[in-house]
Amino acid sequence: MADAQRCEIEELVKRLVGAGNVAGADMTKFKKRMKYDDCRYYAMKFMLVNVKKNWKKEKQPIVLNLLKNLDMTNCKDGVAQLTKFHFASSSAITTGKPAKLSLVSEHKRLYTFIWLEFLKAELPAQIHKEVLSHLPNVMKFFTSPLQLSDYLTESYNQGGVISLLALNGLFILVNSYNLDYPNFYDKVYALLHPQIFHLKYKARFLYLLDLFLSSTHLSAHLVAAFIKKMARLLLTAPPESLLCALPMIRNWLARHPACHVLVHRPGNATEMASDPYDSNEADPMKSKAMESSLWEIKYLLNHHYHEVVKEVMKFDNLSAHEQDLSDLFELKIEELVTKELTKVDKGIAFNPPGLPQSCVSTELWQLF
Amino acid sequence: MAKARKSKTQKNSKRIASDHSKFVNPKPLNPFELKINRQKHDILGRKVSKHEVGKPLQSRKKAIKKRKETLLVEYNNLGKSNSIIDRRLGEYDRNLTTDQKQLRRWAKARKYNLADSDEELGPGETLTQFNQASADADHFDGFSDDSDDGKLSADIVAAEHFGSGHQPNANKQETNEGVTSKTHYERMQEILKKKNEEKLRRDIVKEQMQTKRQQLDEQLKANWNRIQEHMKGAKERFENEELERGKISTLKIAHNKLLFEKRGTPSERLKTREQSDQEAKERLNQLETERLQRMMGEITEEKSISADALTSGEFLDQKIGRRNKRIHESGNDEENEKDGNDDRSEDILGLTNDNNNDNDSNEEERSSKSDEEESDDLEDNYDNDDDDDDDLECSDEDGNDESVEMKVISSVSNTKADEEILKTEDVINQFEKKLSSFCELLASYELPSSDVLSEMTLDLIEMGTKSPVAAGQVMCQMIEQLNSMLCSSLPRLETLLFLKLVGSIFPTSDRRHPVTTPAMLLMSKMLNHGIVRNCHEVVSGLFLVTLLLEFVSLSMRFVPEAINFLAGVLFLAADRPSDKEQLVMLNFRSGAKSNPMKLTNCEIKEIKVSVPLNLCQMLSTESLLETDELRVNCLAMCLDLAAKYRILYGSLPAVEAIFAPIKNFVEHLNLENYPMKVKELSENLKDLVSQKVVYQYLVKAPKKPHSIKQLEPKIYEKFDGRKKLVGPQEWRDKQLASKKCKKMKKDAERELRKDQRVLQGHIIKETLKRKMIKDQKVKNILNSLASQEGDWRSMKKGKKTDL
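In this text the structure is predicted, and so the values were computed from the model without any measurement.

A. Spatial organisation of a positive patch on the surface. Together, Lys47(B), Lys50(B), Lys718(B), Arg722(B), Lys724(B) and Lys743(B) make up a positively charged patch on the protein surface. The residue Lys718(B) is located in the loop between strand 6 (695-696) and helix 27 (729-802) in this model.

Have a look at this one:
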């Protein structure tokens, strides 16, 4: 009886992998079945056997998709035994001695093994990114998430977007599973590069950055270095990023009152010959950020977009309350343009003839 | 003394009571029930309070009564979902005895039963009407009338009704029943006949009327067409005449318009040249200050500029430019002659002067620019020489430029009335049509000649400045459209020129403007997201950067995208892929395989760097050839622009950090093969970029210290014994509101307390009553028990005694 059911699930998985189709009737069936513990168990067993040997590189996208669809929500920490079965006979088995199929620990073990086997193979960049952005959601279903630390560390060392995504997983490991990861903040600091505002994963990165720096127990020197670096990056950032990053810096300042010297340094010395802050220094603690001042902000007062100027103005009286940023991470410039397209009414200003106008474009270009 | 006072109060109270009783209560009030707030002293000017006299007992009684009617009812109904209401007949009528009630009910029931079964009458039951059996009504003849309105004509009524006609019949009825019935029948027949005849007659008349009306209608219809045709022809003829007249002398009309324009009374002194100069200068200064205010973002609502200021646009009419040049050459400075007394004409000529500066050949530009530098920007456009008449003569001389002249004159005569004629809806449509045709032309495969294009641009700008609202709306739509498009490559020619148009119609220095702000955001988006794949995209990007420079040149606003783009172009020119890390934007990466700025030929020293570059030629779809010449020109332009930006931002701090990537790329630029001009430009840029800046620590503005509150005498301007709130209106309103709220809360609490008291009183009364009844019952039982006991004892005793 049980064999027939197992065969059914195995056939389904085989078909899916064979077709390599991410969407379709089979996939929806698979998704539905994976909510049941027994089906999932059979599927995982089958996948564990095959992922190592039979499935080749070109099958990786579909395998990853299957992995993503393994619904482990039933396997919570407090629960020892599973009860949600699709086939009646499975529950009949469980009436006696608890079978493997109904044990949470067994499920977790299988799940972990499949993932680890999958990650052992060499992954192309696109799949690598997908895996890294999905892992933080499923880490808790591993028997020990620390098993991922090697993989994540390696990913971090690759640099670029991948290291950025790896940081999310690493942070969870450090935060919840006591991973001893030295110089975590140095590594985050190293990721701050002018190009981050032009990346596809900009919103995610900003969100993570805010998350990493949400602790109030960080050293003020470290936070000051982050603030300084961020401000430096903002000099070249597009307006939509500015609207998100400026409140973020304000939040950091609100969290760390010791950093207020950056925006207000009373005393005799009003000028510095060169900025004491060294933006090329890899170690944030040695960047001398605390000795500097946040003159970049003053510069942004001249930004062409008036909302940015408004944000900068708020630095004059910093409040102790933090601002909610959740809406700002995903801000798009298209939204800004639509927001600006207000109603044109009678009082619209226009160029009155006779006033001197700049004519750079006609000096440099002959239009027709 | 005390007695006297008492008697006085009593009198007073009596008076008040009697006054009151007149209106409200006929029953005289007990003077002891009144509470009088007597004033000890009469103070002049003080308002007498409203509540001099109170009737505490009465009001309390009233309040309790009200509570009993509402609160207690509610209390009694508490927990009851329904109750029985006795709706039997006469149940609540106190005047009826039980028997009477019973009788009524029985009668009603009987009636009801009868109505239910009116066909089957019981034995001995007959239906009656006014005490006569309704069965007898069969003899009733009914009304013979069947006219439309259901009424009998007056004479029939007079003759037959109310006994007059019936009288003889009635008499006959007594003598011979058979005959009377027959005669009656005949009479009725007659009446009917008459009636029908009359009806027929009426119908015939009606029909006749109908046919007549129809005939008339048809006649009118036939004539109507003819009438209409006639009127149409007349109108056309009239219009044709008008047109002919217009053709003959549009110039004359314009001239007449100018002549008949309202200018003030002849008795007034003519304005001297200095005066009109002064006025023009003041007006321009005013406009400039308004612009500055908008730039600083100080005023929130923008003032509209009067229609007087509405004249033609400001950039490039080649024809006007050429014409002015010609006049220039004739040495008379005739270009300014038109100014005369009219401010508006001054504007235009000032403008054309500007155009001249902008658009003519290089040398001309330089010279006029130097002129500008010499004299004040505002003033130099306003030296006047001659009168209107001379100007007109001059225009006549320039025969082939008459159309331009017409335009100028028509724009001069642009008054508010003209503005009103151009209704917004129409203008919007017109502008939209023109703009779209302009863009279509630019996007088409074969570009039209530059004359046509410049004519169109001038037209658009003129229209835009005349009706900025319409232009703004159309442009906003366009921007929205562009915004919704995916922006994976840099914009094409039509978009670039559209953005240029935006800049020349609307002020770009404003902090916030409904058209230019989104346009600038759009440009920033284009530079940020557009991917640079070939040389044309570099050109397009460079033009955008130039436009941005033009937009911010007055306000000195910071546009990081422009700098990033320039850095990107320099990166491509330097051709060192290892420096990619220093690049801010990623859109230069994907094209790195085939670098658009990489030179194909080494022999490029002879290439002449030409300024200005011709945008249309370079971007038109015809010439997709990527030549080294174009590349060199692009590099030169890029270097030039970077230097201009550096000069613009020179006064800002942080310029060093922003130009760091540019500095790096310029230093790595390999210019060995490039022409001298490029080398010069790069040297210039290097010098500029290596300038040092001083950084300043951020220090917040010192806060104003709060003054310590001191004990000072409070001085009222006008003392009336009452406290007055002093402060801003908003604060006062808030105070008053909170006071009112407090008072209302207090009142409500008091009411609640009173409610509670009434309720508790009722409850305790009920409980006591119940307790009393219970006690009574217990007492009775005990009594009866005691008597029983007594009986039993006595019985026992008796028995004992018996025994």
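Structure shown, so let's carry the discussion forward.
B. Spatial organisation of the interface of chain B and chain A. Between chain B and chain A, the contact holds 111 residues from the first and 76 residues from the second. Summing both sides of the interface, chain B and chain A together bury roughly 8300 Å²; the carbon and sulfur share of this comes to 65%. There are 2 salt bridges connecting chain B and chain A. The shortest N-O distance in the salt bridge between Glu340(A) and Arg512(B) comes to 3.3 Å. On inspection of chain B and its partner chain A, the count reaches 7 residue pairs in polar contact (both at pLDDT 80 or more). No other element matches helix 19 (residues 516-529) of chain B, which puts 9 residues into the side of chain B that touches chain A.

C. Local environment of the packing of aromatic side chains. Residue and element names in this part refer to chain A. Evaluation of the coordinates by the stated rule reveals 14 aromatic pairs over all chains. Judged by centre distance (6.4 Å) and plane angle (85°), the rings of Tyr185 and Phe226 are edge-to-face. With Tyr185 in helix 10 (residues 184-191) and Phe226 in helix 12 (residues 220-234), this pair connects stretches of sequence that are 41 residues apart. Of the two residues, Tyr185 and Phe226, neither departs from the other in class, the shared state being buried. Put simply, the rings of Phe171, Tyr181, Phe184, Tyr185, Tyr189, Phe212 and Phe226 touch in pairs and so form one group of aromatic residues. Between the NZ or CZ atom of Lys229 and the centre of the ring of Tyr189, over which it lies, the distance is 5.6 Å.

D. A look at the nonpolar core. If you look at the biggest cluster of nonpolar residues, it comprises 238 residues, and the most contacted ones within it are Trp115(A), Phe118(A), Trp365(A) and Tyr649(B). Looking at which element gives the most residues to this core, the answer is helix 23 (residues 628-648) of chain B, with 13 residues. Apart from the residues lying within four places of it in its own chain, the contact partners of Tyr649(B) are Tyr299(A), Val552(B), Met556(B), Arg557(B), Phe558(B), Val559(B), Ile563(B), Val655(B) and Phe659(B).

E. Here's a closer look at the layout of surface pockets. Approximately 1400 Å³ is the volume attributed to the largest pocket. Those elements that provide at least two residues to the lining of the largest pocket are helix 9 (161-176), helix 10 and helix 12 of chain A together with helix 24 (655-658) and helix 25 (660-667) of chain B.

F. Looking closely at unusual backbone geometry. In the Ramachandran plot, Lys288(A) falls in the positive-phi region, its phi being about 60° despite a non-glycine side chain. Locating Lys288(A) in the fold gives a position in the loop between strand 1 (271-272) and helix 14 (295-300). Of note in the backbone geometry, Met556(B) takes a positive phi value of approximately 55° without being a glycine. Looking at the element boundaries, Met556(B) is found in the loop between helix 20 (535-552) and helix 21 (560-574).

Quick notes on the rules
- Residues numbered from 1 in each chain as written.
- Chains lettered and ligands numbered in written order.
- Predicted model: local features only at pLDDT ≥ 70, side-chain atom pairs only at ≥ 80, totals over all residues.
- Heavy atoms only, no water.
- Patch = residues over 30% accessible without salt bridge, like charges linked within 9 Å, V, L, I, M, F, W, Y side chains within 5 Å.
- Areas by Shrake-Rupley, 256 points an atom, 1.4 Å probe, with all protein chains shown as cover.
- Salt bridge = Lys/Arg side-chain N within 4 Å of Asp/Glu carboxyl O.
- Lys, Arg positive; Asp, Glu negative; His and termini not counted.
- Charge placed at Lys NZ, Arg CZ, Asp CG, Glu CD.
- Helix = DSSP H or I, 4+ residues; strand = E, 2+ residues; numbered from the N terminus.
- Contact = heavy atoms within 4.5 Å.
- Buried area = accessible area lost by both parts, 1.4 Å probe.
- Polar contact = N/O pair within 3.5 Å; in protein donor to acceptor, adjacent residues only side chain to side chain.
- Phe/Tyr/Trp six-rings, centres within 6.5 Å; stacked < 30°, edge-to-face > 60°.
- Buried < 20%, exposed > 50% of the residue type's maximum accessible area, 1.4 Å probe, protein only.
- Lys NZ or Arg CZ within 6 Å of the ring centre and 35° of its normal.
- Core = buried A, V, L, I, M, F, W, Y, C linked by side-chain atoms within 4.5 Å.
- 1 Å grid on protein atoms, 1.4 Å probe; cavity = no way out; pocket = protein on both sides within 12 Å on 5 of 7 lines; lining within 4 Å.
- Points joined across faces, edges and corners; volume = space filled by probe spheres on them.

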